[in-house]
Amino acid sequence: MRNITKNQTMLLLIVTLLMVIAYHEGEAIQCSQITMYLAPCLSYVKGGGNPPPPCCAGLNNLKASAPGKPDKQAACQCLKNVANAISGFNDDNAKQLPAKCGVSVGVPFSKSVDCNSIN
């Protein structure tokens, strides 16, 4: 019975991630695209350890897809919304994710970041 509840929770979380919508400014990246890139990072963000390779690949995809200021601000807002929607989200793990993957994205992954300050 516990596995069913855990699976249902994970499914709900993934659906929530895909439904979060970023604001649009010009040709800004879509939040659904960001959540698909970073869905493999969920286990790391919640539990720590080492991020799985698909997570780091998603960070690389995010970096390539968000080169300009509007994209980075949209990605930031999306990540902030997702972070606040995930039960058990560990802000410290999220902040360490780019360094653990060796990817400088230019977008902080945090519950409390001011996305308007990103250039």
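Since this is a predicted model, take the numbers as computed values, not measurements.

Counting across every chain of the model gives 4 disulfides. Between the sulfur atoms of Cys-56 and its disulfide mate Cys-101 the distance is 2.0 Å. Every disulfide takes its handedness from the sign of the S-S torsion; for Cys-56 and Cys-101 that torsion is -75°, giving left-handed. With Cys-56 in helix α4 (residues 53-65) and Cys-101 in helix α6 (residues 91-101), this residue pair connects regions lying 45 residues apart in the sequence. The disulfide partner of Cys-76 is Cys-115, and the S-S distance across this bridge is 2.1 Å. Taking the sign of the S-S torsion, -75° for the link of Cys-76 and Cys-115, the bridge is left-handed. A residue pair is termed long-range when its members are at least 10 positions apart, and Cys-76 in helix α5 (residues 69-85) and Cys-115 in the segment after α6 qualify at 39 residues. Across the pair, exposure class does not vary: Cys-76 and Cys-115 are buried alike. Across the protein chain, the disulfide pattern expressed with sequentially numbered bonded cysteines is 1-6, 2-3, 4-7, 5-8.

As a general rule, the predicted coordinates of low-pLDDT regions are not to be interpreted in detail. Looking at the protein chain, the pLDDT average stands at 83 and 76% of residues meet or exceed 70. In this model, residues 19-26 is a region of pLDDT below 50 whose contacts with residues beyond four sequence positions or in other chains number 18 contacts.

A word on the nonpolar core. For soluble globular proteins, nonpolar side chains are generally found buried alongside one another. Formed by 33 residues in total, the largest nonpolar core has its most connected members in Ile-34, Leu-38, Leu-62, Leu-97 and Phe-109. Among the secondary structure elements, those contributing two or more residues to this core are α2 (31-38), α3 (42-47), α4, α5 and α6. Beyond its immediate chain neighbours, meaning those up to four positions away, Phe-109 contacts Leu-38, Val-45, Leu-79, Ala-83, Phe-89, Asp-91, Ala-94, Lys-95 and Leu-97.

Our focus in this paragraph is α6. Those residues of α6 lying buried are Asp-91, Asn-93, Ala-94, Leu-97 and Cys-101. Projection of α6 onto a plane perpendicular to its axis shows the buried side chains occupying an angular sector of 165°, all on one side. In α6, those exposed residues whose orientation departs by more than 90 degrees from the buried face are Asp-92 and Ala-99. Next to the buried residues of α6 lie α3 and α4. Gly-102 sits one or two residues past α6 and shows a positive phi near 70°.

In this fold, Gly-88 is placed in the loop between α5 and α6. By relative accessible area, which is 47% here, Gly-88 ends up partly exposed. C-alpha separation for the pair Gly-88 and Gly-47, spaced 41 residues apart in sequence, amounts to 8.5 Å. Those residues in contact with Gly-88 that sit more than four places away from it in its chain are Val-45 and Lys-46.

Counted according to the given criterion, the structure contains 1 salt bridge. Here Lys-95 and Asp-91 are joined by a salt bridge, their closest N and O atoms 3.7 Å apart. Placement of the pair is Lys-95 and Asp-91 together in helix α6, with a separation of 4 residues, close to one helical turn. The class for Asp-91 is buried, based on a relative accessible area of 18%.

Conventions and cut-offs
- Residues numbered from 1 in each chain as written.
- Predicted model: local features only at pLDDT ≥ 70, side-chain atom pairs only at ≥ 80, totals over all residues.
- Heavy atoms only, no water.
- Disulfide = S-S within 2.5 Å.
- Helix = DSSP H or I, 4+ residues; strand = E, 2+ residues; numbered from the N terminus.
- Buried < 20%, exposed > 50% of the residue type's maximum accessible area, 1.4 Å probe, protein only.
- pLDDT = per-residue confidence, 0-100.
- Contact = heavy atoms within 4.5 Å.
- Core = buried A, V, L, I, M, F, W, Y, C linked by side-chain atoms within 4.5 Å.
- Arc of directions from axis to C-beta.
- Salt bridge = Lys/Arg side-chain N within 4 Å of Asp/Glu carboxyl O.

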